[in-house]
Amino acid sequence: MSVKGFIFDLDGVITDTADYHFEAWKNLASNYGITIDREFNEQLKGISRMDSLNRILEFGGRKTEFTEAQKEAMAAEKNGEYVKLIEKMTPEHILPGVLDFLTELKKHNYLLGLASASKNGPVILERLNLSGYFDTIVDPSLLAKGKPDPEIFLTAARQLGLKPEECIGIEDASAGIESINKAKMFSVGVGDKESMKEANYRLSNTSELSLEKILNRLS
Ligand code: BG6
Ligand code: MG
């Protein structure tokens, strides 16, 4: 089956917001006497805001201490700081090679979708001046399940009017690669060998993104 669309994760693939998420979670967690480091932060990649908070509380041994309303308030506080951090973003924050790759895909009339767990995705694309490249953006607040469930990639394909087998998914998180694979799409992983071990094709970084190389891998 021929490829007609590419579905992108955002954080860590198009731009590197992981540090901003880490900064905001670290500050929130420390208000509750929980210390998180960068190694722990790795397991929050691709994971929704509320699931991330639950993992942090579990890590700090405080999982059962808060009501849903209190947790909503904590997640909103973290997001308030994150939103301030992303206000500073400009097109200079697009990861190397990504703009050329998107331009190449559009030139060849591929449909492009965004499958990010982030509710801030549309704002970030605007700040990066990339909204015009995307034919559809999945609204993560409408999904029943987050990554590693395939729902987000399947929804993106449906919104593009394509079959999953006609799409290629690109991710930097192991939960995201699992989501793509379960959706029965070809998965392209950006990152180290260990976290990308389930990817159908792995790149060390975004500057290696090339339409020709990806299509060669399919055949
Ligand atoms: C993902 C990030 O893209 O979005 C996660 O990798 C983040 O770290 C998730 O928790 C949700 O983001 P937001 O912006 O809705 O809090
Ligand atoms: Mg990511």
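How each quantity is defined
- Going along each chain's sequence as written, the residues are numbered from 1 onward.
- Naming scheme: in the order in which they are written, chains are lettered from A and ligands are numbered from 1.
- Two thresholds apply to this predicted model, a pLDDT of at least 70 for residue-level local features and 80 or more for giving and counting side-chain atom pairs, whereas whole-chain, interface and lining totals are computed over all residues.
- Excluding hydrogens and water, the side-chain figures rest on all heavy atoms present in the structure.
- Under the DSSP-based scheme used, a helix requires at least four consecutive residues in state H or I and a strand at least two consecutive residues in state E, with every element numbered from the N terminus.
- Residue exposure (1.4 Å probe, protein chains only): buried if accessible area is under 20% of the type maximum, exposed if over 50%, otherwise partly exposed.
- Here a donor is an N, O or S atom found within 2.8 Å of the metal, or within 3.2 Å if the metal is Na, K or Ca; sites may look incomplete because water is not among the atoms.
- Per the annotation, domain bounds derive from an automatic or database assignment of domains.
- Only heavy atoms matter for contacts: two residues are in contact if any of them lie within 4.5 Å across the pair.
- Buried area: the sum, over both parts, of the accessible surface (1.4 Å probe) that disappears when the two are put together.
- Salt bridges are defined by distance alone: a side-chain nitrogen of Lys or Arg within 4 Å of a carboxyl oxygen of Asp or Glu.
- Throughout, the ten residues Ala, Val, Leu, Ile, Met, Phe, Trp, Tyr, Cys and Pro are labelled nonpolar, Asp, Glu, Lys and Arg are labelled charged, and all others, Gly among them, are labelled polar.
- Classification of ring pairs uses Phe, Tyr and Trp, with its six-membered ring standing for Trp, and accepts pairs whose centres are within 6.5 Å; under 30 degrees between planes counts as stacked, over 60 as edge-to-face, and the remaining range as tilted.
- Each axis is a line fitted through C-alpha atoms, taken for helices only over the stretch in contact, and angles between the N-to-C directions span 0 to 180 degrees.
- We call two directions roughly parallel when the angle between them is under 35 degrees, roughly antiparallel when it is over 145, roughly perpendicular when it lies between 65 and 115, and oblique otherwise.
- Residue proximity to a molecule or strand is established when one non-hydrogen atom of the residue lies within 4 Å of it.
- Residues adjacent in sequence count toward polar contacts only when both atoms are side-chain atoms; beyond that, a polar contact is any pair of N or O atoms within 3.5 Å, and within protein one must be able to donate a hydrogen and the other to accept it.

Caption draft 1: Geometry of unusual backbone geometry. A cis geometry characterises the amide bond from lysine 147 onward to proline 148, with omega recorded as 15°. Its place among the elements puts proline 148 in the loop between strand S3 (136–137) and helix H7 (151–160). Even without a glycine there, the phi angle at asparagine 129 is positive, about 65°. By secondary structure assignment, the location of asparagine 129 is in the loop between helix H6 (121–127) and S3. Unusually for a residue other than glycine, lysine 184 sits at a positive phi of about 65°. With respect to the helices, strands and loops of the structure, lysine 184 is situated in the loop between helix H8 (174–182) and strand S5 (186–190). In this structure lysine 184 comes out as exposed when scored by relative accessible area, which is 64%.

Caption draft 2: Seen up close, the coordination of the magnesium ion (ligand 2). The protein atoms that coordinate the magnesium ion (ligand 2) are Asp9 (OD), Asp11 (O) and Asp172 (OD), at distances of 2.0 to 2.1 Å. We note that the donor set of the magnesium ion (ligand 2) lies within a single chain, spaced as D-x1-D-x160-D. We classify aspartate 11 as buried; its relative accessible area is 17%.

Caption draft 3: Here's a closer look at the domain arrangement of the protein. Partitioning the protein into structural domains gives domain 1 (5–15 + 91–218) and domain 2 (18–86). Spacing between the C-alpha centres of domain 1 and domain 2 amounts to 24 Å. Taken together, the contact pairs 11 residues of domain 1 with 10 residues of domain 2. The junction of domain 1 with domain 2 conceals about 880 Å² of combined surface from both sides, 52% of it contributed by carbon and sulfur atoms. At the boundary of domain 1 and domain 2, one finds zero salt bridges. Residue composition of the side of domain 1 that touches domain 2, grouped by class: four nonpolar, two polar and five charged.

Caption draft 4: Quick look at the packing of aromatic side chains. Inspection of every chain in the model, using the stated rule, returns six aromatic pairs. On the basis of an interplanar angle of 80° and a centroid distance of 5.9 Å, the ring pair of phenylalanine 8 and phenylalanine 134 is categorised as edge-to-face. In this pair, phenylalanine 8 is assigned in strand S1 (residues 5–8) and phenylalanine 134 in the loop between H6 and S3, connecting sequence segments 126 residues apart. Both residues of the pair, phenylalanine 8 and phenylalanine 134, belong to the buried class.

Caption draft 5: Structural detail: the packing of helix H3 (residues 49–59) against helix H4 (residues 68–86). Where H3 meets H4, the closest approach of the two axes is 10 Å, and the angle between their N-to-C directions is 105°. In terms of orientation, H3 and H4 fall into the roughly perpendicular class. Contacts between H3 and H4 pair Arg49, Met50, Leu53, Asn54 and Leu57 from the former with Lys71, Glu72, Met74, Ala75 and Asn79 from the latter. Grouping the constituent residues of the contact of H3 with H4 by class yields five nonpolar, two polar and three charged.

Caption draft 6: Geometry of the site of ligand 1. The immediate surroundings of ligand 1 are formed by 16 residues, with Asp11, Ile47, Ser118, Lys119 and Asn120 found nearest. Between ligand 1 and leucine 44, the relevant distance is 3.3 Å, taken from an oxygen atom to a main-chain nitrogen or oxygen of the residue. Lysine 119 is positioned with one of its backbone polar atoms (N or O) 2.7 Å from an oxygen atom of ligand 1. Elements represented by at least two residues in the shell around ligand 1 include exactly H3 and H4. Residues of the shell around ligand 1, tallied by class, amount to four nonpolar, seven polar and five charged.

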